[in-house]
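# Tertiary structure, described
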Amino acid sequence: FFITSKVDSLFHQRIKAVKLRWTQAWRRMNKKGKVDESAKKRTRKAAKFQKAIVGMSLDDIKKKKAMKPELRQQAKETAAKEAKARQTKTKAAPKAKSGAAVAKGKAEKQKLPGGKKTTGGGGKNEALKSKR
């Protein structure tokens, strides 16, 4: 079954061929020989490309990129001012009504007698305390 008595002896001693430097198995594991395949395989780099996103076509995106940074900054600032103006308008209108609602909300959140809160499940520790 074995090629030589040396191999037979090593097999019965349970010595693996990979651990012996003179075997082909060891040479394969440690990448010895095979001079022609010394060059590493090259990996491809992913090519970059642009896709349109929801609410904006590819042409719109390209136009924005081509715009000068100063113009883009100016447009950003004007949009921010408009948004701020809109927010102040919406905040000013409901403030007159909210005075009575705030007082009502505070009354509901008061503590119960005995120092117990109205909310809260207790959790694991509370359950253990009640058992003791």
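Residues numbered from 1 in each chain as written. Predicted model: local features only at pLDDT ≥ 70, side-chain atom pairs only at ≥ 80, totals over all residues. Heavy atoms only, no water.

### Things to note about the overall build of the protein
- When helices and strands are counted, the protein shows six helices and zero strands.
- Along its sequence from the N terminus, the protein presents helices and strands in the succession α-α-α-α-α-α.
- Burial status across the protein gives 4% buried among its 132 residues.
- In the protein, once contacts between residues fewer than 6 apart in sequence are set aside, the share between residues at least 24 apart is 0%. (Helix = DSSP H or I, 4+ residues; strand = E, 2+ residues; numbered from the N terminus. Buried < 20%, exposed > 50% of the residue type's maximum accessible area, 1.4 Å probe, protein only. Contact = heavy atoms within 4.5 Å.)

### Concerning a nonpolar patch on the surface
- Together, Phe1, Phe2, Val7, Phe11 and Trp22 make up a nonpolar patch on the protein surface, roughly 650 Å² of accessible area in all.
- Positionally, Trp22 belongs in the loop between helix H1 (5-12) and helix H2 (24-29). (Patch = residues over 30% accessible without salt bridge, like charges linked within 9 Å, V, L, I, M, F, W, Y side chains within 5 Å. Areas by Shrake-Rupley, 256 points an atom, 1.4 Å probe, with all protein chains shown as cover. Salt bridge = Lys/Arg side-chain N within 4 Å of Asp/Glu carboxyl O.)

### Thoughts on the packing of aromatic side chains
- On inspection of all chains with the given rule, the structure shows one aromatic pair.
- For the cation-ring pair, Lys6 lies above Trp22, with the distance from its terminal atom to the ring centre recorded as 4.2 Å. (Phe/Tyr/Trp six-rings, centres within 6.5 Å; stacked < 30°, edge-to-face > 60°. Lys NZ or Arg CZ within 6 Å of the ring centre and 35° of its normal.)

### What to know about the confidence of the model for the protein
- In the predicted model, the protein carries a mean pLDDT of 78, and the fraction of residues at 70 or more is 67%.
- The least confident element of the protein, judged by mean pLDDT, is helix H5 (residues 95-108) at 54; the most confident is H1 at 96. (pLDDT = per-residue confidence, 0-100.)

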